[in-house]
Amino acid sequence: MERQSFVNVWEALEDTPAEAANMSMRSALLIAIEQKVRSWKVTQTEAAARLGLTQPRLSDLLRGRIANFSLDALVELAAKVGLSVRLDIADAA
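Along each chain, the written sequence defines residue order, and numbers are assigned to residues from 1. With pLDDT at 70 or above as the cut-off, local features in this predicted model cover only qualifying residues; side-chain atom pairs require 80 or more to be listed or tallied, and sums for whole chains, interfaces and linings still use all residues. Here the side-chain values reflect all heavy atoms present in the structure, with hydrogen atoms and water set aside.

Tell me what's going on with the side chain of Ser 27, and back it up with residues and numbers.
Within the secondary structure, Ser 27 is located in helix 2 (residues 17–39). Per-residue accessibility, obtained with a 1.4 Å probe over protein chains only, is compared with the maximum for each type, and a residue is labelled buried under 20%, exposed over 50%, and partly exposed between these values. Owing to a relative accessible area of 15%, Ser 27 belongs among the buried residues under this scheme. At 3.0 Å, the side chain of Ser 27 forms a polar contact with the backbone oxygen of Ser 24. Segments assigned H or I by DSSP are reported as helices when at least four residues long, segments assigned E as strands when at least two residues long, and all are numbered from the N terminus. Identification of polar contacts relies on pairs of N or O atoms within 3.5 Å, with a donor-acceptor requirement for protein atoms, meaning one able to donate a hydrogen and the other able to accept it, and with residues adjacent in sequence counted only if both atoms are side-chain atoms.

Tell me about helix 5 (residues 71–80), and name the residues and values.
Inspection of helix 5 places Leu 74, Leu 77 and Ala 78 among the buried residues, and these make up the whole buried set. The arc that holds the buried residues of helix 5, viewed along the axis, is 105 degrees, so those residues lie on one side. Of the residues in helix 5, the exposed ones pointing more than 90 degrees away from the buried face are Asp 72 and Ala 79. As for helix 5, its buried residues are in contact with helix 2, helix 3 (44–51) and helix 4 (55–62). Directly after helix 5, the chain includes Gly 82, whose backbone phi takes a positive value near 90 degrees. By definition, the arc is the one covered by directions from the helix axis to the C-beta atoms. Here, two residues are considered to be in contact whenever any of their heavy atoms come within 4.5 Å of each other.

Hey, could you go over the packing of helix 2 against helix 5 for me, with residue numbers and the actual values?
Note on geometry: axes are lines fitted to C-alpha atoms, helical ones only across the stretch in contact, with angles between N-to-C directions running from 0 to 180 degrees. Packing of helix 2 against helix 5 brings their axes to within 10 Å, and their N-to-C directions diverge by 30 degrees. The orientation of helix 2 relative to helix 5 falls into the category roughly parallel. For helix 2 against helix 5, the interelement crossing comes out left-handed. Here Asn 22, Met 25, Arg 26, Leu 29, Leu 30 and Ile 33 of helix 2 come into contact with helix 5, specifically with Leu 71, Leu 74, Val 75, Leu 77 and Ala 78. Each residue belonging to the contact of helix 2 with helix 5 can be placed in one class, and the counts come to nine nonpolar, one polar and one charged. By definition in this entry, angles of less than 35 degrees are roughly parallel, angles greater than 145 are roughly antiparallel, angles of 65 to 115 are roughly perpendicular, and the rest are oblique. For a crossing to be left-handed, the near helix must be turned anticlockwise from the far one by less than a right angle; the clockwise case is right-handed. Following the grouping adopted for this structure description, the nonpolar residues are Ala, Val, Leu, Ile, Met, Phe, Trp, Tyr, Cys and Pro, the charged ones are Asp, Glu, Lys and Arg, and the polar ones are all others, Gly among them.

Let's hear about the nonpolar core: which residues, and what values?
Nonpolar side chains in soluble globular proteins tend to be buried together. Core analysis: the largest hydrophobic core is formed by 19 residues, its most contacted members being Ile 33, Val 37, Leu 51, Leu 58, Leu 61, Leu 74 and Leu 77. Among the elements of the structure, helix 2, helix 3, helix 4 and helix 5 are those that each provide at least two residues to this core. Tallying contributions element by element places helix 2 first for this core, with five residues. In this structure Leu 58 touches Val 37, Gln 44, Ala 47, Ala 48, Leu 51 and Leu 53, once residues within four positions along its chain are discounted. In this text, buried Ala, Val, Leu, Ile, Met, Phe, Trp, Tyr and Cys residues form a nonpolar core when linked through side-chain atoms within 4.5 Å.

Give me the lowdown on unusual backbone geometry, citing residues and values where you can.
Despite not being glycine, Lys 41 has its phi angle at roughly 55 degrees, a positive value. Mapped onto the elements, Lys 41 comes out in the loop between helix 2 and helix 3.

A description of the UniProt feature "domain: HTH cro/C1-type" (unreviewed entry) in the protein should follow, citing residues and the corresponding values.
UniProt's feature table lists "domain: HTH cro/C1-type" (unreviewed entry) at residues 41–89, given in the numbering used throughout. When the span residues 41–89 is considered, its composition is 53% helix and 0% strand, and the gap between its end C-alpha atoms is 35 Å. UniProt positions are given in the numbering used here, feature names are shortened, and annotations may be inferred rather than shown by experiment.

Structure below.
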């Protein structure tokens, strides 16, 4: 059996490099948003109100349910929590 190595877990899990890149960006955003929200030290109900979300939707975010959030939705949430999002574009390896 040949051993494979990957730059990140998404390259191993996703079918295409584009899907892996999308999931990598989504996971980085989700983690940053989750950390920012937790730093507020407020209830989920209060945090959800600040973000314009329902409490169950915020719970999904805080539990890392990445499949429930598009890249676009996460970019919008990042702005709402006061994060600046930048895109780094480079030639494929």
